[in-house]
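Analysis of the macromolecular model
These are the residues of each chain, in order.
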Amino acid sequence: MALTKVLITVKTYPTISEKYDELVCTAGFREDGSWICIFPVPFRKLDYVNRYKKWQWIEIDLVKNTSDFRPESFRPTNIDKEIRMLDFIDTKGDWIKRKRLIGDRVWYNMADLISAAKDPKVVTSLAIVKPKEVIDFIWKPCDREWDKQKMDRIIANKAQGSLFDEDETRLVFKVVRKLPYEFSYIFTTEDGKKRTVMIEDWELGALYWNCLDEAKGDEEIACQKVKEKYLDYMCCQRDLLFFVGTTRQFHYVSPNPFIIIGTFYPPQIDTQQLSLFPGL
């Protein structure tokens, strides 16, 4: 596939990796409008000039990820190769540029989307979903630390690498903090079924830690602040859509293999204004 232009619309919260310390799944659109997922990317270990933003076009050397059956899944040919930064899509004019890029690729029925994911002729693993009704935004406690055995192996690998590497950046790199809660939306789509779907968006994780600092360590207040943005603001004051993706492990075995990997929340626009925006 070689050099590919990709508009990044999704960055998930980092997970730990024995090989790369930690990894981020990124996804977006190619120039022809098709979906693409890029994994693995050790995002926080990239040089600063290679740290792309969401809604930025990049040019990156990619190859199909042959270890992943999902057709949208690609990987960098070389994670150390420079990523070329291109145009950033701003939110001017009520997010009109971003809306036009999304176009009509929105799903309104989760049952239909799940069927498309499990159809071997289609295998849809990335999509945009418009909820019919957002019922609630919830959280529940989960493991507060990364898996100890995996972390011990990462530390051992880093220590072993220091015997041979002059560059000590691998040793000083600090793995991202694990979120102590799982956050989810409860919502319906046109099929009428109420679903609880977990969110793994980097934006949410960063918001939680910022709110925790502002709340002086009070986790309940921090979670309530996150809810204020994701429910009170995004759902009530904006036009909310979900970027969703499947996990390879559960793609064919889970009743609903999708998780929410990002949100899109432009301002609400009166239906009388839609004629001003062809293609929306």
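See the structure above.
Below you will find a few notes about this structure. Computed from a predicted structure; not experimentally measured.

Below, the discussion takes up the overall build of the chain. Secondary structure assignment for the chain yields six helices and 14 strands. Per-residue burial for the chain yields a buried fraction of 49% across its 280 residues. Across the chain, every contact between residues at least 6 apart in sequence was considered, and the portion connecting residues at least 24 apart equals 69%.

Any pair of aromatic rings gets described here by the distance separating the centres and the angle formed by the planes. In total, this model carries 20 aromatic pairs according to the counting rule given. Taking 6.1 Å as the distance between ring centres and 85 degrees as the angle between the ring planes, the aromatic pair formed by Trp35 and Phe243 counts as edge-to-face. Placement of Trp35 in strand S4 (residues 35-41) and of Phe243 in strand S13 (residues 241-246) is noted, with a sequence separation of 208 residues between them. The exposure class of Trp35 is buried, given its relative accessible area of 12%.

Before going further, it helps to examine the sheet that holds strand S9 (residues 126-129). The strand order across the open sheet formed by four strands is S8-S9-S13-S14, and the pairing between neighbours is mixed. Either end of the sheet is taken by a strand with one partner, and the two such strands are strand S8 (106-107) and strand S14 (258-264). In the packing of helix H2 (residues 110-118) onto the sheet, contacts are made with S8, S9, S13 and S14, and the angle to S14 comes to roughly 120 degrees.

Moving on, we come to unusual backbone geometry. The bulk of non-glycine residues show a negative phi, and the bulk of peptide bonds are trans. For the bond from Phe39 to Pro40, the omega torsion is 5 degrees, close enough to zero to count as cis. Relative to the assigned elements, Pro40 resides in strand S4.

A few words on the packing of helix H5 (residues 202-214) against helix H6 (residues 219-233). One way to put it is that H5 packs onto H6 with a least axis distance of 8 Å and a crossing angle of 135 degrees. Looking at the two axes, H5 sits oblique to H6. In the packing of H5 onto H6, the handedness of the crossing is right-handed. Residue-level inspection shows Glu203, Leu204, Leu207, Tyr208, Cys211 and Leu212 of H5 in contact with H6, the latter providing Glu219, Ala222, Cys223, Lys225, Val226, Lys229 and Tyr230. Here the contact of H5 with H6 is built from residues that sort into nine nonpolar, no polar and four charged.

Parameters at a glance
Residues numbered from 1 in each chain as written. Predicted model: local features only at pLDDT ≥ 70, side-chain atom pairs only at ≥ 80, totals over all residues. Heavy atoms only, no water. Helix = DSSP H or I, 4+ residues; strand = E, 2+ residues; numbered from the N terminus. Buried < 20%, exposed > 50% of the residue type's maximum accessible area, 1.4 Å probe, protein only. Contact = heavy atoms within 4.5 Å. Phe/Tyr/Trp six-rings, centres within 6.5 Å; stacked < 30°, edge-to-face > 60°. Pairing = 2+ DSSP bridges. Axes fitted to C-alpha atoms, helices over the stretch in contact; angles between N-to-C directions. Parallel < 35°, antiparallel > 145°, perpendicular 65-115°, else oblique. Left-handed = near helix turned anticlockwise from the far one by under 90°. Nonpolar A, V, L, I, M, F, W, Y, C, P; charged D, E, K, R; others polar.

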